[in-house]
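Observations on chain architecture
What follows is each chain in one-letter form.
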Amino acid sequence: MDNFIFKGIRMKTLTLDKPISLLFFTLIMAGLLSVLEIVSVDIQLLGSILIAFTLFVFITLLIKQDIYIDQIKMFTPYFLMVLLYVFNLRLWTTDSAINNIIFYITYGLFFFVVININWKRYHFKLFHFASYVGLFILLIYTLFDLSNINTNRIGIISFVLTFYPLIYIIKYKNKKKSSLLFLFLLSGTIIFISGSRSVMIAIVFMLLTITIWKLITANKLFFKLYFLAISFFVAGYTIIYPNLHRLLTNFDYYQYLMIKYTGKAIYSGRNVIWDTLLKAISEKPYLGHGTGALAAHFLGTEQSAHNLYLEITLQIGIVGLALFTIFLYMIWKQFWIKKHDPTVILGASFFIALIVHQTNEVLLIKNSVPINFMIWLAFGLVISHIYNTPSED
């Protein structure tokens, strides 16, 4: 148990020893590779182990340390959202919906656990090494067996895995330039070959956030407005994208240029999905159709929503989406505390990138369990870093 001062309060945090850390990260890595069918892992068993691990550490934290008011404020909108999911079971119940609620709770508890662990250098070094192993495996499969693998999954997994070596280099490496160059060459090659446009868009927003960080953090108003601007972009993109052919008089010409220079059309099929789901949402906008509602029920196909925010709104309405957005904002607020810290700048930029990425995918609290755990671990490491270093204010 470690003690430290944060915002004038003496806080206590746990730490994990090396064997437990190695086992935990290995389980998640195995799950990531199983998502791509590179290795065979029972996802249900893996999910059960991760749930058990999360509950064990969470209970240990409750016994050995106090719960702080700032953390209660941060997590309140998230667990209100989960309660709304429970409430909406009355509208649409399925076995998978109940199972999903269990994981919603687990992700919240896991994030709470991660931010309250004092992560040492050896943890970051372990994550750094394991991520490189994962990236090299992905590179091999990308180069030699791309036709049998979901390219969007390769893109996001390589992007998330890149964060762990990146944070280790920023925090601890002396020769940063050569390390960063090698990392970017490795992960950039994988993402480029995968052709995942959703990840490339996320990277653009990550780089944008890093580039204008000094402007964003010039004062608290700008900091808040930036999150608001990202939220408006997400909403605008979701609504405007499926209507581009109606809004642009020369749409066919732009479509021709896109195919000519990128080999891909402007529309990827998401336009049909989102258009259908927006109409379904308009029928029950406030509390949604129910917890068990899926895009497939309205599309007549097995397609997912390919947009986290649409799927949340479909199930628990605008109220549920608002609660989730407030939760994301509460996380965003934490980055202000250590706004000049390079690790925090990296984490905040990565956070924005993942928010934007969810306009084209359904992760964070849904679908792929191993990827979601890796994302929340990444977010949590940065918040833990903030909690374990002195405040700038």
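All of these numbers come straight from a predicted model, not from anything done at the bench. (Residues numbered from 1 in each chain as written. Predicted model: local features only at pLDDT ≥ 70, side-chain atom pairs only at ≥ 80, totals over all residues. Heavy atoms only, no water.)

Counting its secondary structure elements, the protein contains 17 helices and two strands. Taking 21 Å as the expected radius of gyration for a compact globule of 393 residues, we find that the protein reaches 21 Å, a close match to that expectation. The buried share of the protein, reckoned over its 393 residues, is 54%. A total accessible area of about 17700 Å² is found for the protein, and carbon and sulfur atoms account for 67% of it. (Helix = DSSP H or I, 4+ residues; strand = E, 2+ residues; numbered from the N terminus. Rg over C-alpha atoms; globule rule 2.2 N^0.38 Å. Buried < 20%, exposed > 50% of the residue type's maximum accessible area, 1.4 Å probe, protein only. Areas by Shrake-Rupley, 256 points an atom, 1.4 Å probe, with all protein chains shown as cover.)

This paragraph deals with the side chain of T106. Looking at the element boundaries, T106 is found in helix α4 (residues 95–115). Taking the relative accessible area as the measure of exposure, T106 reaches 5% and is therefore buried. Excluding residues within four positions of it along the chain, T106 makes contact with I51, T54 and F373. (Contact = heavy atoms within 4.5 Å.)

Tracing the backbone through its elements, the reader meets T54 in helix α2 (residues 43–64). Residue T54 is classed as buried on the basis of its relative accessible area of 2%. Dropping the residues within four chain positions of it, T54 is found in contact with T106, L109, F110, V113 and F373.

Before going further, it helps to examine the pattern of salt bridges. Counted under the stated rule, the structure contains five salt bridges. Two residues, E361 and R153, come together in a salt bridge whose shortest N-O distance is 4.0 Å. One end of the pair, E361, is in the loop between α16 (342–357) and α17 (369–387); the other, R153, is in helix α6 (residues 151–172), and 208 residues separate them in sequence. On the accessibility criterion, E361 (7% relative accessible area) is buried. The partner of E361 in a salt bridge is R270, with the nearest N and O atoms 3.2 Å apart. Linking E361 in the loop between α16 and α17 with R270 in helix α13 (residues 270–283), this pair joins segments that are 91 residues apart in sequence. For the pair formed by E361 and R270, the shared burial category is buried. Among the charged side chains, a network of salt bridges with common partners joins R153, R270 and E361. (Salt bridge = Lys/Arg side-chain N within 4 Å of Asp/Glu carboxyl O.)

This brings us to helix α8 (residues 197–211). Residue pairs three or four apart in sequence face the same way in an α-helix, which turns once every 3.6 residues. Taking 1.5 Å per residue as the helical rise, α8 with its 15 residues ought to reach 21 Å, and the 21 Å between its terminal C-alpha atoms agrees with that figure. Inspection of α8 places S198, V199, A202, F205, M206 and T209 among the buried residues, and these make up the whole buried set. The buried residues of α8 all sit within an arc of 120 degrees when viewed along its axis, so they share a single face. For α8, exposure combined with an orientation more than 90 degrees from the buried face picks out V204, L207 and T211. (Expected span 1.5 Å × (residues − 1). Arc of directions from axis to C-beta.)

Moving on to a nonpolar patch on the surface. A surface patch of nonpolar side chains, amounting to about 700 Å² of accessible area, comprises I239, I240, L247, L248, Y253, Y254 and Y256. Only α10 (220–240) and α12 (251–262) provide two or more residues apiece to the nonpolar patch. The element best represented in the nonpolar patch is α12, accounting for three residues. Assessed through its relative accessible area of 56%, L247 is described here as exposed. (Patch = residues over 30% accessible without salt bridge, like charges linked within 9 Å, V, L, I, M, F, W, Y side chains within 5 Å.)

Right, let's get into the confidence of the model for the protein. Per-residue pLDDT for the protein averages 88, and the proportion of residues at 70 or more is 94%. Across residues 3–11, confidence stays below pLDDT 50; counting only partners more than four residues off in sequence or on other chains, it has 22 contacts. (pLDDT = per-residue confidence, 0-100.)

So, on to the environment of V344. Note that V344 resides in helix α16. Remark: the alpha-carbon pair of V344 and F136, spanning 208 residues in sequence, is separated by 27 Å. With residues near it in sequence (within four places) discarded, V344 still touches F335, K338, V382, H385 and I386.

Between its first and last C-alpha, α17 extends 26 Å over 19 residues, near the 27 Å set by a 1.5 Å rise per residue. With 19 of 19 residues buried, α17 lies mostly within the body of the structure.

A few words now on a positive patch on the surface. There is a patch of like positive charges on the surface, built from K73, K220, K224 and K333. Examined against the element boundaries, K220 turns out to sit in helix α10. (Lys, Arg positive; Asp, Glu negative; His and termini not counted. Charge placed at Lys NZ, Arg CZ, Asp CG, Glu CD.)

Under the defined criterion, the tally for this structure stands at 42 aromatic pairs. Seen from their ring centres, F205 and F233 are 4.7 Å apart, and the 45 degrees between their planes marks the pair as tilted. Of this pair, F205 sits in helix α8 while F233 is found in helix α10, placing the two residues 28 residues apart along the sequence. For F233, a relative accessible area of 31% corresponds to the partly exposed category. The ring of F124 carries the charged tip of K171 above its face, separated from the ring centre by 5.1 Å. Stacked on the ring of W336, the Lys or Arg K339 has its end atom at 4.2 Å from the ring centre. (Phe/Tyr/Trp six-rings, centres within 6.5 Å; stacked < 30°, edge-to-face > 60°. Lys NZ or Arg CZ within 6 Å of the ring centre and 35° of its normal.)

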